[in-house]
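Breakdown of the fold
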Amino acid sequence: MTNERILQTAKVALRLALSAAFVSAVADRFGLYGRPGTPGVSWGDWPNFLQYVAHLNWFMPKAIIPILGVVETIVESTLAVALLAGFYQRIIAWASATLLMSFALTMSVDGIKAPLDYGVFTAVAAAVLLGAVAKSHSAQRSGETPR
(Lines give C-alpha, C1' and ligand atoms only; values in the text may rest on other atoms or scores of the structure.)
Protein backbone atom coordinates (compact mmCIF):
# COMPACT_ATOMS: atom_id res chain seq x y z
CA MET A 1 0.00 0.00 0.00
CA THR A 2 1.42 3.37 -1.00
CA ASN A 3 1.71 6.34 1.34
CA GLU A 4 -0.89 8.21 -0.71
CA ARG A 5 -3.32 5.29 -0.35
CA ILE A 6 -2.68 5.14 3.41
CA LEU A 7 -3.28 8.89 3.69
CA GLN A 8 -6.55 8.66 1.74
CA THR A 9 -7.71 5.76 3.92
CA ALA A 10 -6.76 7.65 7.09
CA LYS A 11 -8.66 10.75 5.96
CA VAL A 12 -11.80 8.70 5.38
CA ALA A 13 -11.35 6.97 8.75
CA LEU A 14 -10.96 10.34 10.51
CA ARG A 15 -14.06 11.72 8.80
CA LEU A 16 -16.10 8.64 9.74
CA ALA A 17 -14.86 8.59 13.35
CA LEU A 18 -15.55 12.29 13.92
CA SER A 19 -18.95 12.02 12.25
CA ALA A 20 -19.85 9.00 14.39
CA ALA A 21 -18.83 10.84 17.57
CA PHE A 22 -21.11 13.77 16.72
CA VAL A 23 -24.00 11.46 15.76
CA SER A 24 -23.55 9.46 18.96
CA ALA A 25 -23.66 12.56 21.16
CA VAL A 26 -26.80 13.82 19.42
CA ALA A 27 -28.44 10.38 19.68
CA ASP A 28 -27.71 10.25 23.41
CA ARG A 29 -29.43 13.56 24.13
CA PHE A 30 -32.58 12.27 22.43
CA GLY A 31 -32.56 9.02 24.42
CA LEU A 32 -31.67 6.71 21.55
CA TYR A 33 -29.19 4.79 23.74
CA GLY A 34 -31.61 4.41 26.61
CA ARG A 35 -33.13 6.28 29.49
CA PRO A 36 -31.17 8.43 31.93
CA GLY A 37 -29.20 6.26 34.31
CA THR A 38 -28.78 3.40 31.84
CA PRO A 39 -25.15 2.21 31.80
CA GLY A 40 -23.20 3.97 29.07
CA VAL A 41 -25.79 6.75 28.67
CA SER A 42 -24.55 10.26 29.39
CA TRP A 43 -27.86 12.16 29.26
CA GLY A 44 -30.66 9.94 28.02
CA ASP A 45 -33.02 12.81 27.33
CA TRP A 46 -33.17 16.46 26.37
CA PRO A 47 -33.74 17.90 29.89
CA ASN A 48 -30.65 16.12 31.26
CA PHE A 49 -28.64 17.33 28.29
CA LEU A 50 -29.74 20.92 28.89
CA GLN A 51 -28.87 20.57 32.57
CA TYR A 52 -25.34 19.55 31.54
CA VAL A 53 -25.13 22.43 29.05
CA ALA A 54 -26.15 24.82 31.85
CA HIS A 55 -23.52 23.33 34.17
CA LEU A 56 -20.73 23.67 31.62
CA ASN A 57 -21.84 27.13 30.54
CA TRP A 58 -22.42 28.49 34.04
CA PHE A 59 -21.33 31.93 32.82
CA MET A 60 -24.23 32.18 30.35
CA PRO A 61 -27.66 33.59 31.27
CA LYS A 62 -30.11 30.79 32.09
CA ALA A 63 -32.49 31.91 29.34
CA ILE A 64 -29.80 31.25 26.72
CA ILE A 65 -29.21 27.60 27.69
CA PRO A 66 -32.06 26.04 25.65
CA ILE A 67 -31.01 28.09 22.62
CA LEU A 68 -27.39 27.03 23.13
CA GLY A 69 -28.48 23.38 23.35
CA VAL A 70 -30.47 23.62 20.11
CA VAL A 71 -27.68 25.46 18.27
CA GLU A 72 -25.10 22.97 19.51
CA THR A 73 -27.27 20.06 18.35
CA ILE A 74 -27.80 21.61 14.92
CA VAL A 75 -24.09 22.37 14.52
CA GLU A 76 -23.04 18.87 15.60
CA SER A 77 -25.61 17.27 13.27
CA THR A 78 -24.53 19.47 10.36
CA LEU A 79 -20.86 18.70 10.95
CA ALA A 80 -21.63 14.98 11.16
CA VAL A 81 -23.43 14.98 7.81
CA ALA A 82 -20.77 17.13 6.15
CA LEU A 83 -17.96 14.91 7.45
CA LEU A 84 -19.77 11.79 6.29
CA ALA A 85 -20.42 13.23 2.85
CA GLY A 86 -16.98 14.80 2.50
CA PHE A 87 -18.29 18.32 1.86
CA TYR A 88 -15.83 21.20 2.28
CA GLN A 89 -13.43 18.88 4.09
CA ARG A 90 -10.90 21.43 5.29
CA ILE A 91 -13.49 23.95 6.49
CA ILE A 92 -15.58 21.26 8.20
CA ALA A 93 -12.50 19.74 9.84
CA TRP A 94 -11.43 23.11 11.26
CA ALA A 95 -14.98 23.87 12.39
CA SER A 96 -15.09 20.46 14.10
CA ALA A 97 -11.76 21.14 15.82
CA THR A 98 -13.01 24.51 17.04
CA LEU A 99 -16.28 23.10 18.37
CA LEU A 100 -14.54 20.17 20.04
CA MET A 101 -11.96 22.46 21.66
CA SER A 102 -14.77 24.60 23.04
CA PHE A 103 -16.28 21.41 24.50
CA ALA A 104 -12.93 20.39 26.00
CA LEU A 105 -12.46 23.80 27.60
CA THR A 106 -15.95 23.99 29.06
CA MET A 107 -15.78 20.37 30.23
CA SER A 108 -12.60 21.30 32.09
CA VAL A 109 -14.69 23.39 34.50
CA ASP A 110 -14.88 20.20 36.61
CA GLY A 111 -11.23 19.34 36.02
CA ILE A 112 -9.27 17.83 33.19
CA LYS A 113 -10.43 14.23 33.77
CA ALA A 114 -13.77 14.40 31.89
CA PRO A 115 -12.41 15.68 28.55
CA LEU A 116 -9.53 13.20 28.82
CA ASP A 117 -11.85 10.27 29.66
CA TYR A 118 -14.17 11.13 26.77
CA GLY A 119 -11.28 11.56 24.34
CA VAL A 120 -12.22 15.13 23.48
CA PHE A 121 -8.60 16.27 23.10
CA THR A 122 -7.95 13.24 20.89
CA ALA A 123 -10.93 14.22 18.74
CA VAL A 124 -9.61 17.80 18.55
CA ALA A 125 -6.25 16.46 17.37
CA ALA A 126 -7.97 14.21 14.81
CA ALA A 127 -9.96 17.16 13.44
CA VAL A 128 -6.84 19.35 13.29
CA LEU A 129 -4.96 16.63 11.44
CA LEU A 130 -7.85 16.17 9.02
CA GLY A 131 -7.91 19.92 8.43
CA ALA A 132 -4.19 19.93 7.78
CA VAL A 133 -4.26 17.13 5.19
CA ALA A 134 -7.65 17.74 3.54
CA LYS A 135 -7.81 19.51 0.24
CA SER A 136 -9.32 22.98 0.25
CA HIS A 137 -12.67 23.33 -1.50
CA SER A 138 -11.07 25.13 -4.45
CA ALA A 139 -8.42 22.39 -4.73
CA GLN A 140 -11.14 19.71 -4.64
CA ARG A 141 -12.92 21.38 -7.56
CA SER A 142 -9.75 21.84 -9.61
CA GLY A 143 -8.25 18.44 -8.78
CA GLU A 144 -5.12 19.88 -7.10
CA THR A 145 -3.24 17.93 -4.46
CA PRO A 146 -2.84 19.43 -0.95
CA ARG A 147 0.47 21.00 0.01
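Heads up: these notes are all about the structure in this document. Being a predicted model, the structure only gives us computed values, none of them experimental. (Residues numbered from 1 in each chain as written. Predicted model: local features only at pLDDT ≥ 70, side-chain atom pairs only at ≥ 80, totals over all residues. Heavy atoms only, no water.)

1. Describing the packing of helix H3 (residues 65-85) against helix H4 (residues 89-107)
Here H3 crosses H4 at 145°, and the two axes come no closer than 10 Å. Where H3 crosses over H4, the handedness of that crossing is left-handed. Contact with H3, carried on its side by Glu72, Val75, Glu76, Leu79, Ala82 and Leu83, involves Ile92, Ala95, Ser96, Leu99 and Phe103 of H4 and no other residues of that element. Of the residues in the contact of H3 with H4, the class split is 8 nonpolar, 1 polar and 2 charged. (Axes fitted to C-alpha atoms, helices over the stretch in contact; angles between N-to-C directions. Helix = DSSP H or I, 4+ residues; strand = E, 2+ residues; numbered from the N terminus. Left-handed = near helix turned anticlockwise from the far one by under 90°. Contact = heavy atoms within 4.5 Å. Nonpolar A, V, L, I, M, F, W, Y, C, P; charged D, E, K, R; others polar.)

2. Structural notes on the nonpolar core
The biggest cluster of nonpolar side chains holds 22 residues, and the ones touching the most others in it are Leu18, Phe22, Leu83, Leu100 and Leu130. Those elements that place two or more of their residues in this core are helix H1 (3-29), H3, H4 and helix H6 (120-133). The element that contributes the greatest number of residues to this core is H4, accounting for 8 residues. When residues no more than four places from it in sequence are discounted, the contact partners of Leu83 are Arg15, Leu18, Ser19, Phe22, Ile92, Ser96 and Leu130. Ranked by size, the runner-up nonpolar core spans 6 residues in total, among them Trp43, Phe49, Leu50 and Ile65. (Core = buried A, V, L, I, M, F, W, Y, C linked by side-chain atoms within 4.5 Å. Buried < 20%, exposed > 50% of the residue type's maximum accessible area, 1.4 Å probe, protein only.)

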